[in-house]
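Reading the structure
Here are the chains, one letter per residue:
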Amino acid sequence: MRKILTRLLLMALLGTMALIAPQSVQAAPPVPAYPACPGFDVTLSWTGGTQDVRMTRIKDGIIYTIVAGRGTTITVTNAESGTSVTFGTKGSVTRSATDTATGDITWSLSGANLVLLFDKVDLGGPSTILYMGVVKYTTDSNYTLTQPFDQQSGTERDICSELS
């Protein structure tokens, strides 16, 4: 979910800047750093990919949403040292179920998903991990991780260790 939220936030930010910023500012938008590795922050950049909402439905007070798409090439950079790791993600599917009464969201990620957990906010954070396979977890209405990740299948790649 952090991957999707990060993308949506960055796209909204860049879209807003395009509307209100002079041309010289548009040429070099600021890149935010995220506290998602022990001892250092990371920045993200990506190219390609197509993530779209494929379905949303409401049943018994639960909002079900599926977001899916083709892969993206992602670069994660250590904001202090400049060391970076680039990898392709052949595609992913994100399923969420939001309980309208409590705001809790149950997530199921499949395919290739980069997950950032933040220091002092998320359970088990900070970490930046590429999950390949199926992972499930729960967040509160503020998208803060409330239960540990449950990796159902596949592998994980610790990006922080590669960048340190």
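Residues numbered from 1 in each chain as written. Predicted model: local features only at pLDDT ≥ 70, side-chain atom pairs only at ≥ 80, totals over all residues. Heavy atoms only, no water.

Thoughts on the overall build of the protein
Secondary structure assignment for the protein yields three helices and eight strands. Along the chain direction, N to C, the helices and strands of the protein fall in the order α-α-β-β-β-β-β-β-β-β-α. Long-range pairs, those at least 24 residues apart, make up 50% of the contacts in the protein between residues at least 6 apart in sequence. (Helix = DSSP H or I, 4+ residues; strand = E, 2+ residues; numbered from the N terminus. Contact = heavy atoms within 4.5 Å.)

What to know about the pairing of strand β6 (residues 105-117)
Consecutive residues of a regular strand have side chains that alternate between opposite faces of the sheet. Counting buried positions along β6 gives eleven out of 13 residues, so the element sits mostly inside the fold. Here seven bridges tie strand β5 (residues 84-99) to β6, and the two strands are oriented antiparallel to one another. For R95, the partnering residue across the bridge sits in β6 and is S108. Linking two consecutive strands that pair antiparallel, namely β5 and β6, is a turn of five residues; a positive phi of about 85° is found at G103 within it. As defined by bridge partners, β6 adjoins strand β7 (residues 127-139) across 13 bridges and the pair is classed as antiparallel. Counted as the bridge partner of N113 is Y131 from β7. (Buried < 20%, exposed > 50% of the residue type's maximum accessible area, 1.4 Å probe, protein only. Pairing = 2+ DSSP bridges.)

Looking at the state of the cysteines
This structure, assessed with the given rule, holds one disulfide. A sulfur-sulfur distance of 2.0 Å marks the disulfide that ties C37 to C160. Its torsion about the S-S bond being -90°, the disulfide of C37 and C160 is classed as left-handed. With C37 in strand β1 (residues 34-37) and C160 in helix α3 (residues 159-163), this residue pair connects regions lying 123 residues apart in the sequence. Per residue, the accessibility class of C37 equals that of C160, and both read buried. (Disulfide = S-S within 2.5 Å.)

Here's the deal with the nonpolar core
By size, the foremost hydrophobic cluster in this structure holds 18 residues, and its most contacted members are V42, V76, F87, L114 and L116. Of all the secondary structure elements, the ones that give two or more residues to this core are β1, β2 (40-47), β4 (62-78), β5, β6 and α3. With residues up to four places along the chain from it excluded, the contact list for V76 reads V42, T43, L44, T83, S84, V85, F87, L114, T128, I159 and L163. With ten residues, the next largest nonpolar core counts W107, L109, L117 and V135 among its residues. (Core = buried A, V, L, I, M, F, W, Y, C linked by side-chain atoms within 4.5 Å.)

As for the side chain of T128
The residue T128 is located in strand β7 in this model. By relative accessible area, T128 is classed as buried at 0%. At 2.8 Å, the side chain of T128 and the backbone oxygen of A36 are in polar contact. Setting aside residues no more than four positions away along its own chain, T128 makes contact with A36, C37, V42, V76, L114, V115, L116, R157, D158, I159 and C160. (Polar contact = N/O pair within 3.5 Å; in protein donor to acceptor, adjacent residues only side chain to side chain.)

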